[in-house]
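Architecture at a glance
Here is how the chains run, residue by residue.
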Amino acid sequence: MKQTFGSRVFDVVNTALLVGMGLITVLPLLYVLAGSFATESEIATRPFFLWPERFTTGVYEYIFATPTFVRALITTIFVTAVGTLVQLALTLVMAYPLAKKGLPGRGVVLNMIIFAMVFSGGMIPTYLVVRDLGLLDSYWALILPLAINPFYLIIVKSFFQELPEALEEAARIDGASELMVFWRIVLPLSKPVIATFALFYAVAIWNDYMSPLLYITDNTKWTLQVLVRQLTSPEAANALATVDSANFFPVEGIKFAVVVIATVPILCFYPFLQKHFAKGVMIGSVKE
Amino acid sequence: MATDLAPPPTEASRKAKKQKAPRVPLGAAILRYRWLYLMLLPGLAYFVIFKYLPMYGLTIAFQDFVPFLGYSGSEWVGLKHFETLFAGGDFGMLFSNTMILAMLIFLIAFPMPIIVALMLNELRINVVKRSVQSLIYIPHFLSWTIVAGLTYILFSVDFGVIANWIHSVVGGGKVDYVAQADWFRPIIILQTVWKGTGWGTIIYLAALASVNTELYEAARMDGAGRWRQFWHVTLPAIRPTIVLMAILHSGHLLDQSFEQLWLLTNSLNREVANVFDTYTYYVGITQGGYSYATAVGLFKGTVGVLLIFGCNWLAKRLGQRGLF
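Just so we're clear, the structure is a prediction, and the values are computed from it rather than from any experiment.

Parameters and conventions
Residues numbered from 1 in each chain as written. Chains lettered and ligands numbered in written order. Predicted model: local features only at pLDDT ≥ 70, side-chain atom pairs only at ≥ 80, totals over all residues. Helix = DSSP H or I, 4+ residues; strand = E, 2+ residues; numbered from the N terminus. Rg over C-alpha atoms; globule rule 2.2 N^0.38 Å. Buried ≥ 20, exposed ≤ 12 C-beta atoms within 10 Å, placed from the backbone. Contact = placed C-beta atoms within 7 Å. UniProt positions renumbered as here; feature names shortened; annotations may be inferred. Axes fitted to C-alpha atoms, helices over the stretch in contact; angles between N-to-C directions. Parallel < 35°, antiparallel > 145°, perpendicular 65-115°, else oblique. Left-handed = near helix turned anticlockwise from the far one by under 90°. Nonpolar A, V, L, I, M, F, W, Y, C, P; charged D, E, K, R; others polar. Domains from an automatic or database assignment. Expected span 1.5 Å × (residues − 1). Bend = angle between axes of the 7 residues up to and from the residue.

As for the overall build of chain B
When helices and strands are tallied, chain B shows 18 helices and two strands. Against the globule reference of 20 Å for 324 residues, chain B gives a C-alpha radius of gyration of 26 Å, more extended than a compact globule. In terms of principal-axis extent, the alpha carbons of chain B reach across some 70 × 60 × 35 Å. Here chain B, with 324 residues, has 34% of them falling under the buried criterion. Within chain B, counting contacts between residues at least 6 apart in sequence, those at least 24 apart form 66% of the total.

Below is the structure:
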């Protein structure tokens, strides 16, 4: 089909705008990456750059030699790994019985879950429960209060409902208990869903700032996100600079590097995230 | 209300159950489904402990809660804390801050994904389309602390690349964008747009992808150019999605991201930055006013539920499926 002049102009402008938008999205990240490998003076003097003039890994050497940082990184990796396992297990195990339409009492439990999706006790009462359980300053406080995401639970339940009954029936006739059916038949059939929600949960824990803010006061138990906050917020960074009287303290460079370190794992998983999350959004938008 | 909330399959199953129910005694049912009930237990415990205990904890909004005396021992004070909230000067501030932010986000951040999705839909070169999509989805997965960190890096007075750039173009004195109250809202909107626009396009792109191509062919046969195809086919096709998303968005009007706002709040901008959630944290956790903070949270939560149900009702009235 022949394109009109106006149509061609539109295509050019439209493409340019969208490519520009894509660039605006990633340029800040690329600048921070480049800045984390630059010297303090280069960050201070050069307006914008995507490649440092003098390439140095000094900031990273400093960071990885700092116990506070290394501890925060290990803590975060550990909490994310354990948390994802716990949350995934609780979600899958609860979703399975809820997928059984004949189960007496199922409706009550479902309504209970749905009510908790629209109304909650809120920040302070939840904080008090966590405190009464003795979980303050415990890593479990970063995992248990968010252990089951009701939205994910409902989606997994719907997925289990769609699985072919025949396979499960066959196993039951062979004398397998519901537990065995779940473990041997249902879980192996659900690998893609398990992968998707493992990513969902892992990203949520890795990115969580509110839980450590609420429940962790001991600064030896800080997570990476708290450290990002502490190092990038203007007041805190200045305070650190005066406290730490070491010869070399790259105040600016450290902000750049800590943002990079908190971002890199997410970007490593990004190809999978993009694929699975997009699907998740669509499932989530479909009514049960 | 519970019946309203139940999704259709549940309703069907409940009817089926009602017919069967009298024939299966409770003990027999438990014995027969023992493994399923056992599997239900850990999750049920989670909901009871971390969702329903806090709901019970809301009672402290009507007490002068003293942790030492507990939920039952603390003195009941009726609506005292709500009176403090409404009579004190803070409610006006919280309400207007929340509403102004909500309106700005609705007017600026909400339409962005629609516009970008429509632009992407017109892109003819698939490689470019997919590359742009891959780039603009990224910020969705980054934490608010990273977004705040980037903001501080780019807008700081001393070394901020963007701050310096604006300074060199506009001139005048240097502006501390991240500290000043005047700049709080623009920066929040900027963050929201940067983080959410790309991801927000997905739902609209899906709606656009499902448009019947025969409609375009028919329009072309009738001599419609690209603009008229857009106006008469594309736009009507995603109008229901836009309406539904607008309604769902309104249901969560009060749910501005705590993390986003808190990370940008400082002593200079608190007057414009405080919304119900951040205020609850401030007076509850940092100042220890548990009862008052809970009252604030309960007020916000109640209005939130009403908004969600109201908007859901509206969605159904307009012929949409609604959320429940």
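Some details on the UniProt feature "transmembrane region" (unreviewed entry) in chain B
The UniProt feature table records "transmembrane region" (unreviewed entry) at residues 35–53, 99–120, 141–167, 187–209, 230–248 and 290–315 of chain B. Between the end C-alpha atoms of residues 141–167 of chain B the distance is 31 Å, and the span holds 70% helix and 0% strand.

Looking at the UniProt feature "domain: ABC transmembrane type-1" (unreviewed entry) in chain B
Mapped onto the present numbering, the UniProt feature "domain: ABC transmembrane type-1" (unreviewed entry) falls at residues 95–309 of chain B. Within residues 95–309 of chain B, the helical portion is 76% and the strand portion 0%, while the C-alpha atoms at the span's ends are 20 Å from each other.

Describing the packing of helix 8 (residues 111–122) of chain B against helix 12 (residues 184–209) of chain B
Residues and elements named next belong to chain B. With their axes 7 Å apart at the nearest point, helix 8 and helix 12 run at an angle of 55 degrees to one another. With respect to helix 12, the axis of helix 8 lies oblique. Our pair here, helix 8 against helix 12, has a crossing hand that is right-handed. Here helix 8 contributes Met112, Pro113, Ile114, Val116, Ala117, Leu120 and Asn121 to the contact with helix 12, which in turn contributes Val193, Thr197, Gly200, Thr201, Tyr204, Leu205 and Leu208. Its residues assigned to classes, the contact of helix 8 with helix 12 shows ten nonpolar, four polar and no charged.

Points about the domain arrangement of chain B
What the domain assignment reports for chain B is domain 1 (2–56) and domain 2 (88–317). Here the C-alpha centre of domain 2 of chain B lies 38 Å away from the C-alpha centre of domain 1 of chain B.

Side note on the UniProt feature "transmembrane region" (unreviewed entry) in chain A
Residue and element names in this part refer to chain A. According to UniProt, the "transmembrane region" (unreviewed entry) feature falls on residues 12–34, 72–96, 108–127, 139–160, 181–206 and 254–273. Between the end C-alpha atoms of residues 12–34 there is a gap of 31 Å, over a span that is 100% helix and 0% strand. Between the first and last C-alpha atoms of residues 181–206 the distance is 33 Å; the span itself is 96% helix and 0% strand.

Focus on the environment of Ile74 of chain A
Along the chain, Ile74 of chain A falls in helix 4 (residues 67–98). Residues Ile74 of chain A and Leu224 of chain A, spaced 150 residues apart in sequence, show a C-alpha to C-alpha distance of 8.8 Å.

Details of the domain arrangement of chain A
It is common to give the size of an interface as the accessible area that goes away when the parts come together. Residues and elements named next belong to chain A. What the domain assignment lists for chain A is domain 1 (1–56) and domain 2 (62–285). A separation of 33 Å is found between the C-alpha centroids of domain 1 and domain 2. Domain 1 puts eight residues into the contact, and the matching count from domain 2 is eight residues. Broken down by secondary-structure element, the contributors of at least two residues to the side of domain 1 that touches domain 2 are helix 1 (5–36) and helix 2 (40–45). Tallied by class, residues from the side of domain 1 that touches domain 2 come to five nonpolar, two polar and one charged.

Observations regarding helix 4 (residues 34–57) of chain B
Here helix 4 of chain B is 24 residues long and its end C-alpha atoms lie 32 Å apart, about the 34 Å a rise of 1.5 Å per residue gives. Taken as a whole, helix 4 of chain B carries its principal kink of about 35 degrees at Leu41 of chain B; the proline Pro42 of chain B stands between one and four residues after it. Residues of helix 4 of chain B that are buried in the fold lie against helix 4, helix 5 (106–118), helix 6 (123–132) and helix 9 (178–189) of chain A together with helix 5 (70–73) of chain B.

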